[in-house]
Amino acid sequence: MASQPILLFDGDCGFCGRTIEFARRTIQPRVRFVPWQYADLAALNVTEDRADREVLWISPVGGKVYGGPRALSAVLMCGRRRWWLLGVVLRLPPVNWMARGIYRVVAKNRHRLPGGTATCSLPSPMRGNPDR
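The following refers to the structure shown. None of these values were measured; they are calculated from a predicted model.

Rules and cut-offs
- All residue numbers refer to position in the chain's written sequence, counted from 1.
- Only residues with pLDDT of at least 70 are given local features in this predicted model, and only at 80 or more are side-chain atom pairs given and counted; all residues enter the totals for whole chains, interfaces and linings.
- By convention in this description, side-chain values take in all heavy atoms of the structure and omit both hydrogens and water.
- For the purposes of this entry, the term helix denotes a DSSP run of H or I that reaches at least four residues, the term strand denotes a run of E that reaches at least two, and both are numbered from the N terminus.
- Every helix has an expected span of 1.5 Å times one less than the residues it contains.
- Three labels apply to residues, based on accessible area from a 1.4 Å probe with only protein chains included: buried if under 20% of the type maximum, exposed if over 50%, partly exposed otherwise in between.
- By construction, the arc corresponds to the directions joining the helix axis to the C-beta atoms.
- Contacts are residue-level and defined by heavy atoms, with any inter-residue pair within 4.5 Å sufficient.
- Basic side-chain nitrogens of Lys or Arg form a salt bridge, by our definition, when they fall within 4 Å of a carboxyl oxygen of Asp or Glu.
- Only the stretch in contact is used when fitting a helix axis, every axis being a line fitted to C-alpha atoms; angles between N-to-C directions are given from 0 to 180 degrees.
- With respect to orientation, any angle under 35 degrees is reported as roughly parallel, any angle over 145 as roughly antiparallel, any angle of 65 to 115 as roughly perpendicular, and every other angle as oblique.
- Working rule for handedness: look at the near helix, and if it is turned counterclockwise from the far one by less than a right angle, call the crossing left-handed; if clockwise, right-handed.
- Just so you know the grouping, Ala, Val, Leu, Ile, Met, Phe, Trp, Tyr, Cys and Pro go in nonpolar, Asp, Glu, Lys and Arg go in charged, and all remaining residues, Gly too, go in polar.

### Examining helix α6 (residues 95-108)
Working step 1: The end-to-end C-alpha distance of α6, which contains 14 residues, comes to 20 Å, matching closely the 20 Å that a straight helix rising 1.5 Å per residue would cover.
Working step 2: Within α6, burial applies to N96, A99 and Y103. Taken down its axis, α6 places every buried residue within 45° of arc, on the same side. Facing away from the buried side of α6 by more than 90 degrees, the exposed set consists of W97, M98, I102, R104, V105 and K108.
Working step 3: Check the buried side of α6 and you find it contacts α4 (69-77) and α5 (81-90).

Given below as structure tokens:
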């Protein structure tokens, strides 16, 4: 297991890639960003289906896996100091309830968002093979 948390994201998605670059520059979290397509998912105890569906935070302590808004909260909390409070707020009800709904809408429509491409909307087995 890594000594640093890992954030798995969809490396084929332009929107996801842009979001990761924004986080690296602005939030500057102490986390290793890894496209799930290049990760050993079995060793991380993650399925391809789950990794394709949501961003995932892998804790270095016990290998706990958090997805979606909880993963984003963890990124904020391990970033520059001023982002910590936003990460905490994102975990509190009713904010976390709303965040789950918003996250689902964004995840399902990421191909329509800035940086997104039609590839973002395809299931992972079909990416790079338009004949399927």
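From this point, the narrative continues.
### Details of the environment of P5
Working step 1: The topology assignment puts P5 in the segment before β1 (6-9).
Working step 2: Judged by relative accessible area, P5 falls into the buried class, the value being 13%.
Working step 3: Separated by 56 residues in sequence, P5 and V61 place their C-alpha atoms 8.5 Å apart.
Working step 4: In contact with P5, other than residues within four places in its own chain, are R30, V31, R32, W57, I58 and P60.

### Remarks on the pattern of salt bridges
Working step 1: Within the structure shown, the criterion is met by four salt bridges.
Working step 2: R110 is the salt-bridge partner of D10, the closest N and O atoms lying 3.1 Å from each other. On the criterion of sequence distance, the pair formed by D10 in the loop between β1 and α1 (14-27) and R110 in the segment after α6 is long-range, its members being 100 residues apart. The pair formed by D10 and R110 is uniform in burial state, with each residue classed as buried.
Working step 3: For D49, the salt bridge goes to R53, with nearest N and O atoms at 2.6 Å. Taken together, the residues span about one helical turn, with D49 and R53 both in helix α3 (residues 48-53) at a distance of four residues.
Working step 4: What makes D49 exposed here is its relative accessible area of 54%.

### Regarding the packing of α4 against α5
For any two helices packed against each other, the geometry is given by the interaxial angle and the distance between the axes.
Working step 1: Interhelical geometry of α4 versus α5 gives an angle of 155° and a closest axis separation of 7 Å. Here α5 runs roughly antiparallel to α4, going by the angle between their axes. Judged by the sense of rotation from one axis to the other, the crossing of α4 with α5 is left-handed. Taking contact as the criterion, the partners of P69, L72, S73, L76 and M77 in α4 are, on α5, W83, W84, L86, G87, V88 and L90.
Working step 2: Grouping the amino acids of the contact of α4 with α5 by side-chain chemistry returns nine nonpolar, two polar and no charged.

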